[in-house]
Amino acid sequence: MEDAQESGECLVQNQKYCVERPIYNQEILQGQLHKRERTPQSLRQKIEHSCRCSSKKAKSHLYSFLPILKWLPRYPVKEYLLGDIISGISTGVMQLPQGYNSTNATDASDYYSLRDDKRVQVAVTLAFLSGIIQLCLGFLRFGFVAIYLTEPLVRGFTTAAAVHVFTSQLKYLLGVKTSRYSGPLSVVYSLVAVFSKITTTNIAALIVGLTCIALLLIGKEINLRFKKKLPVPIPMEIIVVIIGTGVSAGMNLTESYGVDVVGKIPQGLSAPAVPEIQLIPAIFIDAVAIAIVGFSMAVSMAKIFALKHGYTIDGNQELIALGICNSVGSFFQSFPITCSMSRSLVQESTGGKTQIAGALSSIMVLLVIVAIGYLFEPLPQTVLAAIVMVNLKGMFKQFADVAHFWRTSKIELAIWVVAFVASLFLGLDYGLLTAVAFAMITVIYRTQRPQYRILGQIPDTDIYCDVEEYEEVKEYPGIKIFQANTSLYFANSESYTSALKKKTGVDPCAILAARRKAQKKHAREIKKANKVKKKAVLKLVNSSTNDVEASVKHEIANDGLPANGKFAFVDAGVQDGSPDELEHFVEPKTNVHSLILDFAPVNFVDSVGAKTLKSVIKEYNEVGVCVCIASCSGPVMNELTRLNFFDNTVTRELLFHSIHDAVLACQGKDRSASQTALDH
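Residues numbered from 1 in each chain as written. Predicted model: local features only at pLDDT ≥ 70, side-chain atom pairs only at ≥ 80, totals over all residues. Heavy atoms only, no water.

**Quick word on the UniProt feature "transmembrane region" (unreviewed entry) in the protein chain**
Taking the UniProt record as the reference, the feature "transmembrane region" (unreviewed entry) is found at residues 122-149, 187-218, 230-251, 279-299, 356-376 and 413-445. Helix and strand shares over residues 122-149 are 64% and 0% respectively, and the end C-alpha atoms of the span are 30 Å apart. The straight-line gap between the two end C-alpha atoms of residues 413-445 is 15 Å; of that span, 97% is helix and 0% is strand. (UniProt positions renumbered as here; feature names shortened; annotations may be inferred. Helix = DSSP H or I, 4+ residues; strand = E, 2+ residues; numbered from the N terminus.)

**Some details on the sheet that holds strand S2 (residues 464-466)**
Taken together, six strands build an open sheet; the order of strands is S2-S1-S3-S4-S5-S6 and the sheet is mixed. Looking at the sheet topology across the chains shown, the edges are occupied by S2 and strand S6 (655-656). Sheet analysis places strand S4 (residues 594-598) next to strand S5 (residues 626-630), joined by five bridges and oriented parallel. Its bridge partner being in S5, isoleucine 596 is matched across the sheet by cysteine 628. (Pairing = 2+ DSSP bridges.)

**Quick notes on the layout of surface pockets**
A water-sized probe, rolled over the atoms, reveals where empty space remains. Estimated volume of the second largest pocket: approximately 570 Å³. Ranked by the residues each element gives to the lining of the second largest pocket, the list is headed by helix H29 (residues 659-679), at four residues. Residues belonging to the lining of the second largest pocket are distributed by class as follows: nine nonpolar, six polar and five charged. (1 Å grid on protein atoms, 1.4 Å probe; cavity = no way out; pocket = protein on both sides within 12 Å on 5 of 7 lines; lining within 4 Å. Points joined across faces, edges and corners; volume = space filled by probe spheres on them. Nonpolar A, V, L, I, M, F, W, Y, C, P; charged D, E, K, R; others polar.)

**Structural notes on the environment of leucine 153**
Along the chain, leucine 153 falls in helix H9 (residues 151-174). Measuring from C-alpha to C-alpha, the distance between leucine 153 and alanine 419 comes to 5.6 Å, with 266 residues separating the pair along the chain. Aside from chain neighbours lying at most four places away, what touches leucine 153 is Tyr148, Ile415, Ala419, Leu432, Ala435, Val436 and Ala439. (Contact = heavy atoms within 4.5 Å.)

**Description of the packing of aromatic side chains**
A complete count under the given rule lists 16 aromatic pairs for this structure. Geometrically, the ring pair formed by tyrosine 181 and tyrosine 189 is tilted, given 5.9 Å between the ring centres and 50° between the ring planes. Taking relative accessible area as the criterion, tyrosine 189 reaches 41% and is therefore assigned partly exposed. Between phenylalanine 645 and phenylalanine 646, the ring centres sit 5.2 Å apart and the planes meet at 80°, which makes this aromatic pair edge-to-face. Judged by relative accessible area, which is 18%, phenylalanine 646 ranks as buried. Among the aromatic residues, ring-to-ring pairing joins Phe166, Phe396, Phe399, Trp416 and Phe420 into one connected group. A cation sits over an aromatic face here: lysine 410 above tryptophan 406, 4.6 Å from the ring centre. (Phe/Tyr/Trp six-rings, centres within 6.5 Å; stacked < 30°, edge-to-face > 60°. Buried < 20%, exposed > 50% of the residue type's maximum accessible area, 1.4 Å probe, protein only. Lys NZ or Arg CZ within 6 Å of the ring centre and 35° of its normal.)

Here you go:
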């Protein structure tokens with residue numbers, strides 16, 4: 001492999017190319033190219049085209065709406081089925097309720113029954129409305145917002161979510177009774193509540209939970225080490241549930257040691273019913289928040305698995321799927337849903353590959369509700385808590401991101417930390433909103449704080465690099481090549497011009513101001529000298545006649561000196577001077593005759609940026625520096641044209657195809673100007 005790599009490097013080094021062509025600016029290049037003719041479409045034609053349907057287009061839309069039609073016929077049964085079955089059962093077992101309280105359903109008073117029924121109706125209507133909102137957003141292609149959930153944001157957010165889940169399971173692991181908290185600082189309140197009752201820990205529940213954690217960790221390690229030899233991962237979750245249920249039933253942990261168990265699971269499904277539509281105005285804002293946060297959490301987990309297993313996700317499809325689940329499920333008295341972090345991690349770690357695992361998990365839950373729920377009634381809640389906690393291990397490994405981002409990118413580290421801290425203390429909804437807003441601010445910050453460089457040529461090539469970074473790179477005398485790795489728009493136009501003046505060492509405003517100051521000073525000195533000549537006092541010796549005085553005055557007027565005699569003359573060194581002397585001694589000049597702006601990194605220019613660019617060209621021209629633009633892309637050219645950037649003073653002749661074209665053109669122009677000066 002190394003020999004092949006070395007051979008390839010030698011081959012590249014030995015290869016050369018030689019191109020001989022004219023120097024191209026945009027004026028010449030556009031004159032030689034012929035644009036393709038495009039017939040503009042009317043609005044009606046565009047609508048007709050979008051509504052036109054062929055069999056191929058219909059099939060494509062159907063597959064995008066129902067992806068199962070595409071992958072299910074190609075499902076590799078031998079490779080995936082066993083893993084999906086084990087994963088589905090393991091995940092289904094985890095859906096067993098923790099702390100279900102059956103007293104309200106059987107022995108509660110009418111007051112509590114009515115209260116609970118009303119709560120159910122609110123949850124059902126909320127699920128229906130949030131589902132409709134998600135469907136609308138999906139059909140409106142709102143899923144593009146998933147691109148703003150960057151990897152550091154997602155990983156910080158999911159790490160905080162893992163802490164939330166872990167904290168919520170502590171009370172089940174320790175067997176203590178605490179209230180459930182939600183909203184800002186819920187993690188803090190939950191931890192305070194648990195540790196305030198730490199003395200009431202149920203030792204039996206703790207021992208059972210820790211034993212399950214140890215078994216799960218051992219099983220996970222075995223699955224990891226023998227991954228290639230095992231046909232499917234060992235289903236430790238199922239094994240632990242079976243053992244925990246058997247031990248609890250055999251030893252009667254509930255009666256003997258007070259260990260909390262799952263308890264009675266109501267059997268059967270409620271009859272379908274229409275949600276209470278009259279509640280919609282009161283819960284609309286909450287439904288919007290739940291729809292967006294639920295989508296964001298689902299996409300965050302999906303992105304983590306997509307990055308791990310090398311596939312892509314469609315945000316619009318996720319919205320449609322969530323919308324269907326919520327809206328249809330609401331008719332069967334379901335509450336709003338999103339992904340479950342712990343269950344998703346269990347499904348992935350136990351060998352689940354496709355949605356078959358999810359379908360089997362749902363079937364498992366259905367069997368528990370309809371038929372076999374009584375089998376799991378003795379299952380200790382601490383066992384389920386242990387399963388959840390162990391499967392959060394992968395999420396907690398994301399704390400290592402702090403060291404990674406510290407080495408690679410401080411800005412991405414800031415995004416991770418803000419996403420984690422905000423989601424941890426403000427709650428997942430407000431935390432996600434804060435993290436997204438902060439990520440957007442970092443984008444603005446990066447565009448306003450770009451890197452500015454002066455480029456030079458690698459000798460005997462047309463390649464230009466940063467002169468401060470490489471020793472071999474040399475600048476052309478009298479030519480400055482400026483590059484900024486950002487677009488030019490209203491937010492960074494001032495910093496762009498400031499950096500341009502600082503990096504090139506040429507400030508037109510300062511040069512013009514110095515020129516005006518020198519000219520004013522020279523004018524004052526000439527004026528002062530003239531006044532001195534008129535008021536010169538002559539001290540004559542050996543002559544006091546009027547004729548002599550007249551003769552002396554006449555000579556002073558003509559020559560500035562008497563024919564004979566002695567006198568003092570103030571500031572005799574100041575002369576009017578010729579125009580050439582004035583230009584040489586008075587007007588400040590720069591040794592830079594050409595300035596090239598590298599526009600290769602520029603993606604767009606707005607009206608403020610175009611005006612700034614035009615002002616730069618004008619200011620530098622006033623001090624004798626020609627400004628050229630190199631490597632301007634087609635879209636940016638079109639934007640400049642649309643913004644009326646080009647006129648009689650700023651033409652397309654100032655825009656060049658590449659930096660090297662601009663350099664050669666500037667050198668030719670300077671030689672021509674020097675020759676003209678010599679001729680004169």
